[in-house]
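One-letter residues, chain by chain:
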Amino acid sequence: MSVRESLDRLRAAADDGRLDDLARRHGVALITVFGSAIRTPERARDLDVAVSLPAGTQGLLALVGDLADLTASDDVDVLVLYGASPTARFSGLVGARPLYEASASLFARTQMAAALEFYETAWLRDLDLQRMATS
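Residues numbered from 1 in each chain as written. Predicted model: local features only at pLDDT ≥ 70, side-chain atom pairs only at ≥ 80, totals over all residues. Heavy atoms only, no water.

Engineer: Describe a negative patch on the surface, listing the residues and the values that go with them.
Structural biologist: A cluster of acidic residues, Asp69, Asp74, Asp75 and Asp77, forms a negative patch on the protein surface. Within the fold, Asp74 resides in the loop between helix H4 (60-71) and strand E3 (76-80). Asp74 gets classed as exposed once you look at its relative accessible area, which sits at 73%. (Patch = residues over 30% accessible without salt bridge, like charges linked within 9 Å, V, L, I, M, F, W, Y side chains within 5 Å. Areas by Shrake-Rupley, 256 points an atom, 1.4 Å probe, with all protein chains shown as cover. Salt bridge = Lys/Arg side-chain N within 4 Å of Asp/Glu carboxyl O. Lys, Arg positive; Asp, Glu negative; His and termini not counted. Charge placed at Lys NZ, Arg CZ, Asp CG, Glu CD. Helix = DSSP H or I, 4+ residues; strand = E, 2+ residues; numbered from the N terminus. Buried < 20%, exposed > 50% of the residue type's maximum accessible area, 1.4 Å probe, protein only.)

The following block contains the structure:
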């Protein structure tokens, strides 16, 4: 199955409520799709999905399995937003498409916080690059 077809299946599940059921069952507050599946689905190699899970949540493998079943694909990469780096969180939220949010405007608030953190920590990433260049 192509990534485009898997994305279509995931969007259909979001439209008909199956994704909502999956999110509630796993304690997920937010689900987005991002990356090449959004930008160039015809050339994408995998389906990047970001999820917001509470810290210490068990059952990530079960969630990944359920997403694979829902999309009929083993090429689903899941980014857990909590604990991810500012760069990863930025990628999973800014330019992403929300498919599920447990409360109104959760995606917008989370997206703005990720963008702010990403830009506020840019100097630290630059410093790391300078150090690597001189090492």
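Engineer: Go over helix H5 (residues 86-93) with me, naming the residues and quoting the values.
Structural biologist: Taken together, the buried positions of H5 are occupied by Arg89, Phe90, Gly92 and Leu93. Residues of H5 that are buried sit in contact with strand E1 (30-34), strand E2 (47-52), E3 and helix H6 (106-120). One or two steps after H5, the chain reaches Gly95, where phi turns positive at roughly 90 degrees. (Contact = heavy atoms within 4.5 Å.)

Engineer: Outline helix H2 (residues 18-26), listing residues and values.
Structural biologist: Every α-helix carries 3.6 residues per turn, so stepping three or four residues along brings you back to the same face. All of the buried residues in H2 are Leu19, Leu22, Ala23 and His26. End-on, the buried residues of H2 take up no more than an arc of 100 degrees, which puts them together on one face. Residues of H2 that are exposed and angled more than 90 degrees away from the buried face: Arg24 and Arg25. Where H2 is buried, its residues contact helix H1 (3-16), E1, H4 and strand E4 (97-101). After H2 finishes, the residue Gly27 shows a positive phi value of roughly 75 degrees. (Arc of directions from axis to C-beta.)

Engineer: Hey, could you go over the pairing of E3 for me, with residue numbers and the actual values?
Structural biologist: For E2 and E3, the ladder comprises five bridges, and the chain directions are parallel. Following the sheet pairing, Val51 is matched in E3 by Val80. (Pairing = 2+ DSSP bridges.)

Engineer: Just give me the short version of the side chain of Thr32, but keep the residues and values in it.
Structural biologist: With respect to the helices, strands and loops of the structure, Thr32 is situated in strand E1. Setting aside chain neighbours within four positions, we find Thr32 in contact with Asp48, Val49, Ala50, Gly92, Leu93, Ala96, Arg97, Pro98, Leu99 and Phe107.

Engineer: Tell me what's going on with a nonpolar patch on the surface, and back it up with residues and numbers.
Structural biologist: Taken together, the side chains of Trp123, Leu124 and Leu127 present a nonpolar region at the surface, about 290 Å² in accessible area. Within the secondary structure, Leu127 sits in helix H7 (residues 122-134).

Engineer: Which residues make up unusual backbone geometry, and what values do they have?
Structural biologist: Notably, Ala72 is not glycine yet its phi reads approximately 60 degrees, a positive angle. Relative to the elements of secondary structure, Ala72 occurs in the loop between H4 and E3. For Ser105, which is not glycine, the phi dihedral falls at a positive 65 degrees. Relative to the assigned elements, Ser105 resides in the loop between E4 and H6. Classification of Ser105 by relative accessible area gives partly exposed; the value is 39%.

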